Structure formats: structure tokens, C-alpha cells
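This is what each chain is made of:
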Amino acid sequence: MAGEKKGFFSRLKEGLNKTRDNIVAGIDAVFYGASEIDDDFYEELEEILIMGDIGVNATNDIIERMKDEVKKRHLRHPSECKELLVESIKEQMLVGETAYDFEKKQSVIFVIGVNGVGKTTSVGKLASILKGQGKKVLIAAADTFRAAAGDQLAEWAHRAGVDMIGGADGADPASVIYDAVNAAKARKADILICDTAGRLHNKKNLMEELKKMNRIIDREFPDAHRENLIVLDGTTGQNALSQAREFGEVANLTGVILTKMDGTAKGGIAVAIQSELNVPVKYIGVGETIEDLQKFHSEEFVNALFDVKTEKSAESEHAEEAYADEENTDKAYANEEHADKAYADEGNADKEDVDKVQTSLTANATGEGTAADSYGSGEATQPETLGDSAAENDSSVMENNDAGDRAEWNTGETDQETVDPDGTDSDAEDTQKPKKKKWFFWK
């Protein structure tokens, strides 16, 4: 059914329901409840944005830009400012044109983050995205600290259809990175994705371990394009900002994977991360399946957040439904073809039955059937010769089904009479002819 399979925009919009209820309801109350654009209007709007985890810096930028635009456009009613807000947030969240250059080059993607944010699953999903682009992907299982982390990543690698380099539990993760880098070079992999153990950002020794792995990559694979992605849990809100700041001190962060956006009221954190850290959100996750991690598009995100209907978003929202409808149409068409074929087969079968009956009737009418025809066997084959055993059977009877005539064996004991053309008896009537058994068919 069309409703069973939703497009990513639909899932994103559905996942942002809590955030939308938390932010948009309050914003609408400000825009449509205030009577004029004044300081009270701006203060109320600022409070709503900060409470929605948009962030202090991002909120200040939005308010200042809105004030400038209000003056330029000579706006008078608060409801006219909502479009300015949406445009301002979209501009702040734009991902640069070079954000995905690593997809076009031989690259190493280093994935880091604290425990429980979804690093391992994100690595598997990201590998699936890149594999779908025709890239040769290799995964390094450098999380040797958490029990069964390697097995979990191996399952995701299997789902994505990519190879994995791992190590024993408790092994030095830097050694796994070393082996993976050399394997990537030997196999001429396009992209190496490195999974790492979750660590608290305030644990100095674990953060030093990250630095060590980074040094190995720089030394062993100097020509590779480097991409350091931090995985952040969208449900943690402002906590995610502090995590990103700490990890940014040991690794040059180039992007963010924002997970669990389908179960949080703090989706505004995506705006804060981009604005306050100047690190773009590159991927966003809204579910558990391998397809539920997608590239981040600021326009789609803001449209889903504020429930803005555009032609593009409408196409995205209904793309999967249209595809499902097309599949159902094709299936119905195929069923119709099968029905037509079955009907035709039935017609052919009926025609064959009619032909058999017609053949049987014709055989009986012409007397060309075998003895089996007269007894209802239904086989209308004409014998080429009559055997001696058949000729000796004096009691055989051929019954004509159409005319009701009957053919009998002539025993030869009845005298044959000859009649002259003028109707008088011939002198030969008393002449005895040799008695001979004969077979007659009525025609």
C-alpha cells in the first residue's frame, strides 16, 4: 500500500513533530498574537527560540537580521515576519558546496563521539550510502573496548555489502587503524570509514588515544582526503554542543551526523550546532533502518520543522507514495494480463472440447471410427487395415450414433439375389456363390 512506505521527507517531518510542537506553536502564538512589531514582540520570539534549543548565538543572529529586514521592507504586522524567520534559519544552515568533496576523492572518514549516540550504526548506514554511489568502501572496526562492538559492526557491514577490517577485543585500536589503512591502500578502496570507541569528552587519556589514531592516518595515508565526523544525539540538546566543542580540540571536525531526530523535542539543536560551532550538519538520522540516514538539506529540514508547504517538499513527500501506486498499478495490470490469458486458455480448452465432440460426431457419421467409438471410448481414429481376428468376430456390432443404423457381420450364409434392370429375377438366383465373410460399414 502507498501509506506503508514513506519518503524520507515524510519521515523527517514526522520525526520533527515533537520539536514542531515545542517551537512552532509558540512562534505562531507570537506572530499571530502580537498586535505590533515592538520590543515585546522581539523578546517573546527570542525566548521561544532559545527554549527550542536554537541556541543563544543563532537566536541573536536571527533577531538582528529580522530587525534589519523589517526596516528595509517597512513591515508593520508581526505575521509578516514569519517568512523572514524561516529564510534566516535556512541561510544559517546552508551546507557549503565543498561539504561532500570526500565523496569524489580517496578519503578516510574518522567517526567519533561519546557512548550511546549511534556511532556504529551510523558507520554502517554511511557505508551503505557511499556503496550505493558506486564507491569501494572499507570499514575499520577500531572500537575494541566495547564488548561485541566488532560483531555489531560486522553485521552492519554485511547489510551494506562492504568489507571490514577488525581486531580482537581489547586490542590496541591504533593497530587496527594501521592495518585498515594499509588494507585500503592495497585494495585501492575509495573510502575508509573508521569506527571508534565511545569516550567521554572529559577523559583525557581516551582523547589522547584519538590523537594517536589521527597521527597514524596522517603518517600512513598522507594523500588521503580527511573527514572527521562527530556523531551527536539529537535528544541531548545543548549537551551535544559541549561534546562537539571538546572533541573539536583533539580532531579537526569537518561535519556532524545528527541522530535520533525522530524522538526528540530538541530538534532545534541542528540550528545551534551549525551557527555556534561553524560545523555543518552533513547527515541526519530519523530511524533505525539502513535507509534512515540521509544527507542533510537545510531547506527540507526547515520546511519540515515549520511545516512549510513548497512544490519541492510536496514532491519529496509523495515520491514514495507515487512509486508505490505505480507498483500497485503494474501489479494490477499484470493480474489483468494473467486473467486475460486464463480466459483465453479457458476459451481454447472449450474450443478443444468442441473440436473433439465434432470429430467424434463426424467419425460416427462417416463410419470411420474404430470399434471403440461405438462403445463410447471417445477415440476417433480410423484404422488403416482390418485384422483377421476382427473379421472372424461374427457377433460384432457397429452402432451409428447419429442415424441409429446398425452394421452387422455378414456370415455369408444368406443367399444373395441379383435383380435385372427390368425388375425380373435373374436365372442366377439359384446359383450358389461361394460363401465368404465380409465386413461392411454403412456410409
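You'll find the structure just up there.
Every value quoted in this text rests on a predicted model; they were computed, and no experiment measured them.

## What about the sheet that holds strand E6 (residues 255–259)?
Within a sheet, each strand pairs with its neighbour through backbone hydrogen bonds, oriented either parallel or antiparallel.
So, step 1. On the basis of which strands lie adjacent, the open sheet formed by eight strands has the order E3-E2-E4-E1-E5-E6-E7-E8 and mixed pairing. Edge positions in the sheet fall to strand E3 (163–165) and strand E8 (293–295), since each has one partner strand and no second. Averaged over all pairs of adjacent strands, the angle between strand axes in this sheet comes to 25°, irrespective of strand direction.

## Examining the pairing of strand E1 (residues 107–112)
So, step 1. The buried fraction of E1 is high, at six of six residues.
So, step 2. With burial as the criterion, each face of E1 is covered, one bearing Ser-107, Ile-109 and Val-111 and the other bearing Val-108, Phe-110 and Ile-112.

## A closer look at the packing of helix H4 (residues 56–73) against helix H11 (residues 269–277)
So, step 1. For the pair H4 and H11, the least separation of the axes is 8 Å and the interaxial angle reads 85°. When the axes of H4 and H11 are compared, the pair comes out roughly perpendicular. Facing H4, whose interface residues are Val-56, Asn-57, Ala-58 and Asp-61, H11 presents Val-271, Ser-275 and Glu-276.

## Considerations on the pattern of salt bridges
So, step 1. Applying the stated rule across the entire model yields 15 salt bridges.
So, step 2. With a closest N to O distance of 3.4 Å, Asp-172 and Lys-212 form a salt bridge. Placement of the pair is Asp-172 in the loop between E3 and helix H8 (173–186) and Lys-212 in helix H9 (residues 204–220), with a sequence separation of 40 residues.
So, step 3. Here Lys-282 ties to Glu-227 by a salt bridge, and the two come within 2.4 Å at their closest N and O atoms. With Lys-282 in strand E7 (residues 281–285) and Glu-227 in strand E5 (residues 225–233), this pair connects stretches of sequence that are 55 residues apart.

## Remarks on helix H5 (residues 82–92)
So, step 1. Where burial is concerned, most of H5 is hidden: eight out of the 11 residues are buried.
So, step 2. Those residues of H5 not exposed but buried are Lys-82, Leu-84, Leu-85, Val-86, Ser-88, Ile-89, Lys-90 and Gln-92.
So, step 3. Those residues of H5 that are buried lie in contact with helix H2 (17–33), helix H3 (39–51), H4, H11 and helix H12 (298–306).

## Concerning unusual backbone geometry
So, step 1. Not every positive phi belongs to a glycine, and His-74 is a case in point at roughly 60°.
So, step 2. Relative to the elements of secondary structure, His-74 occurs in the loop between H4 and H5.
So, step 3. The exposure class of His-74 is exposed, given its relative accessible area of 65%.
So, step 4. One non-glycine residue, Lys-188, lies in the positive phi region at around 55°.

Rules behind the numbers
- Residues numbered from 1 in each chain as written.
- Predicted model: local features only at pLDDT ≥ 70, side-chain atom pairs only at ≥ 80, totals over all residues.
- Heavy atoms only, no water.
- Pairing = 2+ DSSP bridges.
- Helix = DSSP H or I, 4+ residues; strand = E, 2+ residues; numbered from the N terminus.
- Axes fitted to C-alpha atoms, helices over the stretch in contact; angles between N-to-C directions.
- Buried < 20%, exposed > 50% of the residue type's maximum accessible area, 1.4 Å probe, protein only.
- Parallel < 35°, antiparallel > 145°, perpendicular 65-115°, else oblique.
- Contact = heavy atoms within 4.5 Å.
- Salt bridge = Lys/Arg side-chain N within 4 Å of Asp/Glu carboxyl O.

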